[in-house]
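# Inside the fold
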Amino acid sequence: MPADASEARSSRISRRVGSIAESATLAVDAKAKSLKAAGRPVIGFGAGEPDFPSPDYVVEAAIEAASDPKSHHYSPAGGLPELKSAIAEKTKRDSGYEIDPSRIIVTNGGKQAVYETFATLLNPGDEVLVPSPFWTTYPEAIRLAGGVPVEVFAGPEQGYLVTTEQLEAATTSRTRVLVFVSPSNPTGAIYSEEQTRQIGQWAVSKGLWVVTDEIYEHLTYDGVPFTSIATAVPELDDSVVIVNGVAKTYAMTGWRVGWMIGPKDVIKGATNLQSHLSSNVSNVSQRAALAAVSGPLTAVEKMKESFDRRRKAMVEGLNAIEGVECPTPHGAFYAYADVRGLLGKDIAGSRPTTSAELATLILEEAEVAVVPGEAFGPSGFLRLSYALGDDDLAEGVSRLQDFLGQAK
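Reference entry: report on the structure contained in this document. (Residues numbered from 1 in each chain as written. Predicted model: local features only at pLDDT ≥ 70, side-chain atom pairs only at ≥ 80, totals over all residues. Heavy atoms only, no water.)

Before going further, it helps to spend a moment on the packing of aromatic side chains. Taken as a whole and judged by the stated rule, the model has 12 aromatic pairs. Between Phe-52 and Phe-307, the aromatic rings sit 5.8 Å apart at their centres with planes inclined by 75 degrees, giving edge-to-face as the arrangement. Of this pair, Phe-52 sits in the loop between β1 (43–44) and α4 (56–67) while Phe-307 sits in helix α13 (residues 298–319), and the two are 255 residues apart along the sequence. Between Tyr-160 and Phe-381, the ring centres sit 6.3 Å apart and the planes meet at 75 degrees, which makes this aromatic pair edge-to-face. Highlighted residues: Tyr-160 in the loop between β4 (148–153) and α8 (164–170) and Phe-381 in strand β12 (residues 381–385), separated in sequence by 221 residues. Comparing Tyr-160 with Phe-381 shows no difference in burial state: the two are buried. (Phe/Tyr/Trp six-rings, centres within 6.5 Å; stacked < 30°, edge-to-face > 60°. Helix = DSSP H or I, 4+ residues; strand = E, 2+ residues; numbered from the N terminus. Buried < 20%, exposed > 50% of the residue type's maximum accessible area, 1.4 Å probe, protein only.)

Here it is as structure tokens:
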């Protein structure tokens, strides 16, 4: 028996699924919660989740939907027609991009939208340009769809923003898709309107698809505007897919409602996939999302006030640590700290040489949970979410200052 056949038979799961890495952000959050449950006072900077409840009117809409017998049965796999229409209106309101509801599919959260997009667009071996640092799910979703992620790294010296020159250098005859994310998870970086337009026009010139994740569109600070690449470059209309959802804007991470916007043939393909994968999104959650996207942005504005305050406190506190450099993020709710200056130094009797080792040491000794840069690209960085209470944030940063301040 050939060696590869023997290996395949001895494995209990497929190579494709076996090769998937666990979500690092969720793993860190789970570890932090496990330690808390065991009685340890862990401060968690891992999960990208607002610490606010969903708005009252969203909850009321869900209660009403749960009592309505219409919600107790199957609905169209691609989403409730009234929600798709509301998403179209919301998209026009927020980014100036006008689309017909037939170009929308409602998904079980943003992650399903991401996976279905790549599964619909990619053939085996197709390459996808993924600016790095990146959200940990993008490469795994690309691989699951048979594609090949190609990382294009931009460090803090360029504001974590890639250039068209870098993208050009990474492009091959197999390149099919560019991932474009602004505001960014994990760095909080935002591309200017001019940078966005330049990258979009470059993608058009190369005949590439652009997949843009706009889930942090409303979380921007310091007067820095959000620019949708679909609006900035109208020529992309037939080759752009937007993924979005209610999770971050409305503190609705647990409701699991996202969506894709794209050309009709792509949305049709994704809808066919979803009809077999999961059928319709929970009708109760869809009705809650309808209330959210149709309602005011008051809730996010209140959250932003808190996020902005915490953002400033976290960046100031991290930059007070010798060996740590943290650019000020202008979007989302993450700080992405450069800790390369700490690697190889003695910290409480240990000498971490990677950010993964450093993150483990911080959790074990300082009881602070952070996500290492390896989850998002190269080693040497830590991501910290500031979507947690002010007191916990202050305590967590203080612990980091005390612990990392020992480095020598």
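To continue, consider the pairing of strand β8 (residues 258–261). Alternating residues of β8 divide into Gly-258 and Met-260 and Trp-259 and Ile-261, and every residue in both groups is buried. Across 4 bridges, the pairing between strand β2 (residues 104–107) and β8 is antiparallel. When the sheet's bridge partners are listed, Val-106 is paired in β8 with Trp-259. (Pairing = 2+ DSSP bridges.)

Next up on the list: the side chain of His-218. Residue position: His-218 is located in the loop between β6 (209–213) and α10 (229–232). On the basis of relative accessible area, His-218 is assigned to the buried category, the value being 14%. With residues up to four places along the chain from it excluded, the contact list for His-218 reads Lys-90, Asp-94, Thr-249, Leu-297, Val-300 and Lys-304. (Contact = heavy atoms within 4.5 Å.)

Before going further, it helps to examine α4. Look at α4: 17 Å from first C-alpha to last across 12 residues, which is about the 16 Å you get at 1.5 Å a residue. Every buried residue of α4 is accounted for by Val-58, Ala-61, Ala-62 and Ala-65. In a view along the axis of α4, the buried residues occupy a sector of 100 degrees, so they form one face of it. Seen from the open side of α4, the exposed residues pointing more than 90 degrees away from its buried face are Asp-56, Glu-60, Glu-64 and Ser-67. (Expected span 1.5 Å × (residues − 1). Arc of directions from axis to C-beta.)

Attention now goes to the packing of α13 against helix α15 (residues 390–404). One way to put it is that α13 packs onto α15 with a least axis distance of 10 Å and a crossing angle of 10 degrees. Classified by the angle between their axes, α13 and α15 sit roughly parallel to one another. Of the residues in α15, those touching α13 at Arg-309, Arg-310, Ala-313, Met-314, Gly-317 and Leu-318 are Asp-390, Leu-393, Val-397, Leu-400 and Gln-401. Along the lines of polarity and charge, the residues of the contact of α13 with α15 split into 6 nonpolar, 2 polar and 3 charged. (Axes fitted to C-alpha atoms, helices over the stretch in contact; angles between N-to-C directions. Parallel < 35°, antiparallel > 145°, perpendicular 65-115°, else oblique. Nonpolar A, V, L, I, M, F, W, Y, C, P; charged D, E, K, R; others polar.)

Applying the stated rule across the entire model yields 21 salt bridges. Glu-217 is the salt-bridge partner of Lys-90, the closest N and O atoms lying 2.6 Å from each other. Residue Lys-90 is found in helix α5 (residues 81–95), and its partner Glu-217 is found in the loop between β6 and α10; the two are separated by 127 residues along the sequence. Note on accessibility: Lys-90 and Glu-217 belong to one class, buried. The residue Arg-311 makes a salt bridge to Asp-222 at a minimum N-O spacing of 2.8 Å. Linking Arg-311 in helix α13 with Asp-222 in the loop between β6 and α10, this pair joins segments that are 89 residues apart in sequence. In this structure Arg-311 comes out as buried when scored by relative accessible area, which is 1%. For Asp-222, a relative accessible area of 47% corresponds to the partly exposed category. When salt bridges that share partners are traced, they join Asp-51, Arg-309, Arg-310 and Asp-390 into one network. (Salt bridge = Lys/Arg side-chain N within 4 Å of Asp/Glu carboxyl O.)

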